[in-house]
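Here is how the chains run, residue by residue.
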Amino acid sequence: MAGRRHVVLTVSEARLLAREADNQSKRPPFTQQEYCQRFQQFVSLPLHEKKFCEDCQILFMPVERGAHCTHRSTAITATHLRRPSMLLRPLDNKKSNAQYLFTDRSAQFLLDTLARLGYRKVLCIGTPRLHELIKLRNLEEKHKPMKSLLLDIDFRYAQFFSQDEFCHYNMFNHHFFDGEASVAVLNSFLSESGEEKVLMVADPPFGGLVKPLARSFSLISQMWRKMQGSDNINLEMPMMWIFPYFFEPRILECLPLLSMLDYQVDYDNHPLYKHGKTGRKQSPVRLFTNIPPKDVVLPKEEGYRFCPTCGRYVSALNKHCAKCNRCPSKDGREWKHCSACEKCVKPSWKHCQSCARCALPDHPCVNGRGTEGCFHCGSLKHKHKACSLKGARKINTYRPKAKGGDRKAPHHPLSKPKAKKKSGAAHRAKKSAAQFM
């Protein structure tokens, strides 16, 4: 088109080198085959020579000791080699590869449930703890053996597992880093023979988008269907998707055959998602599965019970509502029925006549106008994009009543001027003065 200018953006050489260095740091230093060879050499070493570099996150050989002499190292035992998730430092990028590892309670529940349901092959996508427990269970030789294949973005696990037990995989774009070799391993694993039923267990990063994940899981389901020689497009691979309950609408939009269970999954290295907490502090992570809910028995010792009307196990405070004809609670608390809304809502919510719906008592309410106007400053004359106060702190249109009659509550300005930071001497002077007050 005439008159259009083409702007060419150039990237400096320093930036290109920095990007290449960053990309290189995210690539495995060895191939999967080389990792396997190194592991065989490592296990044959004397105990005093088995070392793990905490800085490089790698098992290193005696001849490589010079490259790691200034780094922190740990002596390695057989237990470490069987439970590498206890040894490796968890990744912490919440949107791409955050690693929140199951507690033994949750991992053991999943393992016991899958074994009881008769699954002999478990495809572990982002669930290294479950993968480890399956291998440990087989060492006991007390039960029928189970097979597991770990697909994970963290290539560090390639140090500890064979090529038939681990594939370097990105679940957001269904990419196998080792190409057709890994695809062949997965296809072989997905084939069922005799009693070897296969199930997929996925625990993605909670900051990830649901649609790309659902697409990847659907592609794996298609691979499974093809390996069974079935032309039935409605046949879905059994799966468990572990995700927070508030993603339920998005998950069901992509995979409508899944249903959410009440079981609360907790994690070792997450500050909030812990077992035993009450109220809003409970873990919001749930199981989404296409297995019939009545077949997944939740532990009675933790308060779960079977609801015969709903035909599934529910948490202790998830009481059946006769008006809704279901056990409505999603977050583990006891919900209450609102006759105006004709549904059950969270216990902290109250019905708002202006909005004609239930919401938190201090929700932004603009006389029932809903989403009209600016949600930032409350004005009905413009939208948020045209608001001149976008840079200021968002205000709350709710004004609590002041104590003591009809006195008006003080009006807080939109933004406060930043206070000048006090020096250390001023802070110590104020602290010492407070001791004599």
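What counts, and at which threshold
Residues numbered from 1 in each chain as written. Predicted model: local features only at pLDDT ≥ 70, side-chain atom pairs only at ≥ 80, totals over all residues. Heavy atoms only, no water. Pairing = 2+ DSSP bridges. Helix = DSSP H or I, 4+ residues; strand = E, 2+ residues; numbered from the N terminus. Axes fitted to C-alpha atoms, helices over the stretch in contact; angles between N-to-C directions. Contact = heavy atoms within 4.5 Å. 1 Å grid on protein atoms, 1.4 Å probe; cavity = no way out; pocket = protein on both sides within 12 Å on 5 of 7 lines; lining within 4 Å. Points joined across faces, edges and corners; volume = space filled by probe spheres on them. Parallel < 35°, antiparallel > 145°, perpendicular 65-115°, else oblique. Left-handed = near helix turned anticlockwise from the far one by under 90°. Nonpolar A, V, L, I, M, F, W, Y, C, P; charged D, E, K, R; others polar.

*Asks:* Got a sec to walk through the sheet that holds strand 1 (residues 51-53)? Specific residues and values, please.
*Replies:* Strand order in the open sheet made by the three strands is 2-1-3, with antiparallel pairing throughout. Looking at strand neighbours, the two that pair on one side only are strand 2 (58-60) and strand 3 (73-75), the edges of this open sheet. Going across the sheet, the axis of each strand differs from the next one's by a mean of 35 degrees, ignoring polarity. In terms of strand pairing, strand 1 meets strand 3 through three bridges, oriented antiparallel. Of the residues in strand 3, the one forming a bridge with Lys51 is Ala75. Along the sheet, helix 2 (residues 32-43) makes contact with strand 1 and strand 2, crossing strand 2 at roughly 55 degrees.

*Asks:* Talk me through empty space enclosed by the protein; I want residue IDs and the actual numbers.
*Replies:* Tallied over the entire structure, the rule returns two cavities of 30 Å³ or more. The space that makes up the second largest cavity amounts to roughly 60 Å³. In terms of lining residues, the second largest cavity is bounded by Tyr35, Arg38, Phe39, Phe42, Ile58, Leu59, Met61 and Gln159. Of all the elements in the fold, those that place two or more residues in the lining of the second largest cavity are helix 2 and strand 2. It is helix 2 that contributes the most residues to the lining of the second largest cavity, four residues altogether.

*Asks:* How would you sum up the environment of Val43? Please name residues and give values.
*Replies:* By the secondary structure assignment, Val43 is in helix 2. Linking Val43 and Thr77, residues 34 residues apart in sequence, is a C-alpha distance of 9.5 Å. Residues in contact with Val43, not counting those within four places in the same chain, are Lys50 and Leu81.

*Asks:* Requested: an account of the packing of helix 4 (residues 104-116) against helix 5 (residues 128-140), with residues and values cited.
*Replies:* Between helix 4 and helix 5, the shortest axis-to-axis distance is 9 Å and the interhelical angle comes to 60 degrees. Classified by the angle their axes make, helix 4 and helix 5 are oblique. Where helix 4 crosses over helix 5, the handedness of that crossing is right-handed. Side by side, helix 4 and helix 5 meet where Ala107, Gln108, Leu110, Leu111, Leu114 and Ala115 of the first sit next to Leu130, Leu133, Ile134 and Arg137 of the second. Split by residue class, the contact of helix 4 with helix 5 holds eight nonpolar, one polar and one charged.

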